Amino acid sequence: MTTTEADQVTPETVEAVEAADHGHGVHGYHKQKDEHLKRLRRIEGQIRGLQRMVDEDVYCIDILTQVSASTKALQSFALQLLEEHLRHCVADAAAKGGEGIDAKVEEATKAIARMMRT
């Protein structure tokens with residue numbers, strides 16, 4: 001896919017879209033906000049459990065098993081949030097048209113790249 005200079009996404013374009021969206025309006029996770037908070041509290045409990053295990057000198061492999069479970073829980077949460085972002089924020093930008101869609105796609109792509117590095 002080729003774009004003209006006028007269609008290219010620049011850092012300024014991304015910042016303009018982010019400034020317009022962040023802190024304004026309803027985000028994609030809004031409908032599941034209570035569920036997400038409950039899930040994050042459960043993950044927080046898992047992390048506290050890890051601290052307790054270290055404090056109590058639990059066998060290292062058992063701690064690593066819990067680290068893996070906590071990591072998986074965070075990754076699962078992140079994927080759910082990403083899906084909601086795509087369904088709501090990116091789809092909304094696509095419906096509106098213009099430069100906003102390119103910026104939203106770039107933003108989502110960068111978020112996916114960050115997730116893949118972890």
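Basis of the calculations
Residues numbered from 1 in each chain as written. Predicted model: local features only at pLDDT ≥ 70, side-chain atom pairs only at ≥ 80, totals over all residues. Heavy atoms only, no water. Patch = residues over 30% accessible without salt bridge, like charges linked within 9 Å, V, L, I, M, F, W, Y side chains within 5 Å. Areas by Shrake-Rupley, 256 points an atom, 1.4 Å probe, with all protein chains shown as cover. Salt bridge = Lys/Arg side-chain N within 4 Å of Asp/Glu carboxyl O. Helix = DSSP H or I, 4+ residues; strand = E, 2+ residues; numbered from the N terminus. Expected span 1.5 Å × (residues − 1). Bend = angle between axes of the 7 residues up to and from the residue. Buried < 20%, exposed > 50% of the residue type's maximum accessible area, 1.4 Å probe, protein only. Contact = heavy atoms within 4.5 Å. Axes fitted to C-alpha atoms, helices over the stretch in contact; angles between N-to-C directions. Parallel < 35°, antiparallel > 145°, perpendicular 65-115°, else oblique. pLDDT = per-residue confidence, 0-100. Arc of directions from axis to C-beta.

## Describing a nonpolar patch on the surface
Taken together, the side chains of Y59, I61, L64 and V67 present a nonpolar region at the surface, about 390 Å² in accessible area. Among the structural elements, L64 can be located in helix α3 (residues 60–96).

## Focus on α3
The terminal C-alpha atoms of α3 lie 52 Å apart, and with 37 residues this matches the ideal 54 Å at 1.5 Å per residue to within 8%. Its maximal kink placed at H85, α3 deviates by approximately 30°. Here α3 has its buried residues at I63, S70, A73, F77, L82, E84, H85, C89, V90 and A93. In this fold, the buried residues of α3 make contact with α2 (33–55) and α4 (99–117). In the stretch just after α3, G97 is the one whose phi turns positive, near 75°.

## Things to note about the packing of α3 against α4
It is the contact of α3 with α4, at a shortest axis distance of 9 Å, that shows an interaxial angle of 170°. It follows from the interaxial angle that α3 and α4 lie roughly antiparallel. Taken together, the residues of α4 that come into contact with α3 (itself represented by A78, L79, L82, H85, L86, C89, V90, A93 and A94) are G100, I101, K104, V105, E107, A108, I112 and M115.

## A short note on the pattern of salt bridges
Side-chain pairing between opposite charges can occur once the charged atoms of the two side chains come close. Tallied over the entire structure, the rule returns 5 salt bridges. Salt-bridge contacts for E83 lead to R87; the nearest nitrogen and oxygen are separated by 2.9 Å. Taken as a pair, E83 and R87 lie in helix α3 at a separation of 4 residues, close to a single helical turn. Classification of R87 by relative accessible area gives exposed; the value is 62%.

## Remarks on the confidence of the model for the chain
Summary statistics for the chain give a mean pLDDT of 81 and a share of 75% for residues scoring 70 or more. Across residues 1–11, confidence stays below pLDDT 50; counting only partners more than four residues off in sequence or on other chains, it has 8 contacts. Low pLDDT, under 50, characterises residues 13–20; the predicted model gives this stretch 11 contacts beyond four residues in sequence or across chains.

## Some points on α4
Residue pairs spaced three or four apart in an α-helix point in one direction, given the helix's 3.6 residues per turn. Helix length check: α4, at 19 residues, gives a terminal C-alpha distance of 28 Å against a target of 27 Å (1.5 Å per residue), a fit within 8%. Every buried residue of α4 is accounted for by G100, A103, K104, E107, A108 and A111. Along the axis of α4, the buried positions cluster into a sector of 130°, meaning they face one direction only. Relative to its buried face, α4 has exposed residues pointing more than 90 degrees away, namely M116 and R117.

## Here's the deal with unusual backbone geometry
In terms of backbone geometry, most residues other than glycine have negative phi values and most peptide bonds are trans. Positive phi, normally seen in glycine, also occurs at D57, with a value near 55°. Mapping D57 onto the fold places it in the loop between α2 and α3. By relative accessible area, which is 69% here, D57 ends up exposed.

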